[in-house]
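Geometric and topological summary
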Amino acid sequence: MSSHYHHLIQRYRKYLPVRQMHSVVSLGEGNTPLIKLGNIARQLNKQVDIYVKYEALNPTGSFKDRGMTVAVSKALESKSKAIVCASTGNTAASAAAYAARAGLMAFVLIPEGKIAVGKLAQAMMHGATVIQITGNFDEGMALVKEISGQANITIVNSINPYRLEGQKTAAFEIVDALGCAPDYHCLPVGNAGNISACWMGYQAYQRDGKLATLPKMIGYQAEGAAPFVLGRPISQPETVATAIRIGAPQSWDKAMAAQQESQGWFGALEDEVILAVQRLLAAQEGIFCEPASAISVAGVLRDIHRGKIPAGSTVVCTLTGHGLKDPMIAMEQCQDSVITIPAERAALIALMDEKLSQVS
Ligand code: AN7
């Protein structure tokens, strides 16, 4: 491997189904930081090492780019003219960007009024045909599946196997960074592609002799959109975490297998808890992720508290998307945090003195 990082297909080509390096469509995805929590971890009543895999630092701000680079490279190889997906937002943003890069058309179906504004802006700026449907993600997904088989159009949802192939590289990077697998790998679960992909990655490394023990895979869902916790799909998912507002996950069997084979579990968290932990990560760790991502840390904190995750454990939480994706939800939570003063020295000093006196 060259010391200069290019992209994940090059770094992990041995494990990926891409053979023609010249047709790779890349924006420099992967190689995201694994950050150890400090202030939050110190406040626990147990010693647990919690790392976050900050997938927000992918080119379009979410983990989707890992899968999209492979899926779009393969679409180009197979002479597709267009890509299509249903999306709660991040897949649409990623598909739009990689299509722009590849010179392909992108059609993205989004649930009307239920996607974060940053994601919508991305899809629009990258020139995708943005199609709002008067229905939720699951209905959009069903529609996309109905048009599968159309000549020259490639579906880039995670039912496209190349998406999961690319996304499994997150597990490789975690093992490469830690030198082993974590004891627990916790992820938000929507369509359930990512938890399935990471499990594939750990298994591939184990087969290759790079890993002695596998992690337990833990999937967290929002209370109003928790089909894995209920054990069946639901028709009206609802949550503030619009990214994972999904009731009929496409990778059901794969995710179930990951949980069962790894002896992990699924859990559900309330919207208020998700938002509180989103704020906690931002305010106490300097890490800004979107609500859907915060659920992984929210779940871990709860399961440490409940004793399901014991002292001495090493935990990795995937922070799947950037906080900037959803500025509205962030602003709503911090309504009163901007202070207006006259542009005068005395007013500024008075304010700073007051604030400083509150901490000492
Ligand atoms: C930030 O963009 O499904 O369980 O259409 O955007 O692999 O679906 C997004 C999912 C977690 C869940 N966190 O991952 C889409 C879409 C964020 C996400 C998930 C998504 P999967």
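To be clear, the structure that these remarks concern was listed above.
Residues numbered from 1 in each chain as written. Predicted model: local features only at pLDDT ≥ 70, side-chain atom pairs only at ≥ 80, totals over all residues. Heavy atoms only, no water.

A closer look at the site of the ligand
Quick note on the threshold: Put simply, a residue is near a molecule or strand once any heavy atom of it comes within 4 Å of that molecule or strand. In the analysis that follows, any N or O atom pair within 3.5 Å is treated as a polar contact, provided that within protein one partner can donate a hydrogen and the other can accept it, and provided that, for residues neighboring in sequence, both atoms belong to side chains. Helical segments are the DSSP runs of H or I of at least four residues, strand segments are the runs of E of at least two, and each set is numbered from the N terminus.
Close contacts around the ligand come from 23 residues, with Asn90, Asn191, Ala192, Asn194 and Thr320 the closest. Within the backbone of Thr91, a nitrogen or oxygen atom sits 2.8 Å from an oxygen atom of the ligand. Within the backbone of Gly193, one N or O atom sits 3.2 Å away from an oxygen atom of the ligand. Those elements that provide at least two residues to the shell around the ligand are α4 (90–102) and α9 (193–207).

Things to note about the sheet that holds strand β4 (residues 105–111)
To be explicit about the condition: Between any two strands, pairing holds if DSSP finds at least two bridges. In this analysis, axes come from line fits to C-alpha atoms, helices being fitted only over the stretch in contact, and the angle between any two N-to-C directions falls in the range 0 to 180 degrees. Residues count as neighbours in contact if any of their non-hydrogen atoms are within 4.5 Å of one another.
One open sheet accounts for 4 strands, arranged β5-β4-β3-β6; its pairing is parallel. Both outer strands of the open sheet, β5 (129–133) and β6 (153–155), are each paired with one neighbouring strand and no more. Sheet twist, expressed as the average angle between the axes of neighbouring strands with direction ignored, equals 20 degrees. Where β4 meets β5, 5 bridges bridge the pair, whose relative direction is parallel. Directly across from Pro111, in β5, lies its bridge partner Ile133. Contacts from helix α6 (residues 137–146) reach β3 (82–86), β4, β5 and β6, with the element oriented near 145 degrees to β3.

Here's the deal with the pairing of β3
Inclusion rule: Only protein chains enter the calculation, and the probe is 1.4 Å; a residue is then buried if its accessible area is under 20% of its type maximum, exposed if over 50%, and partly exposed in between. Classification remark: right-handed applies to a crossover when, strands pointing away from the viewer, the course from the first strand over the helix to the second runs clockwise.
With respect to burial, β3 is a largely interior element, 5 of its 5 residues being buried. Burial along β3 is two-sided: the residues Ala82, Val84 and Ala86 and Ile83 and Cys85 are all buried. In this structure, β3 lies alongside β4, joined through 5 bridges in parallel fashion. Note that in β4 the partner of Ala82 across the bridge is Met105. Following the chain from β3 across α4 to the adjacent parallel β4, one finds a crossover that is right-handed.

Points about the nonpolar core
Counted only if it meets this: Among the buried residues, those of types Ala, Val, Leu, Ile, Met, Phe, Trp, Tyr and Cys that are joined through side-chain atoms within 4.5 Å form a nonpolar core.
Membership of the largest hydrophobic core comes to 36 residues, with the highest contact counts inside it found for Leu37, Ile50, Leu281, Val297 and Val300. Elements supplying a minimum of two residues to this core: α2 (39–42), β2 (49–54), β7 (184–188), β8 (216–222), β9 (265–269), α12 (271–285), α13 (291–305) and β10 (314–319). In terms of residue count, the dominant contributor to this core is α13 (8 residues). Ignoring any residue separated from it by four or fewer positions in sequence, one finds Val297 in contact with Leu37, Val52, Val277, Leu281, Cys317 and Leu319. By size, the runner-up hydrophobic cluster in this structure holds 33 residues, among which are Tyr12, Val189, Tyr202 and Met217.

Examining helix α8 (residues 169–178)
Within α8, 7 of the 10 residues are buried, which leaves the element mostly enclosed by the surrounding structure. All buried positions along α8 are accounted for by Thr169, Ala170, Ala171, Phe172, Glu173, Ile174 and Val175. In the segment just after α8, Gly179 is the residue with positive phi, at about 85 degrees.

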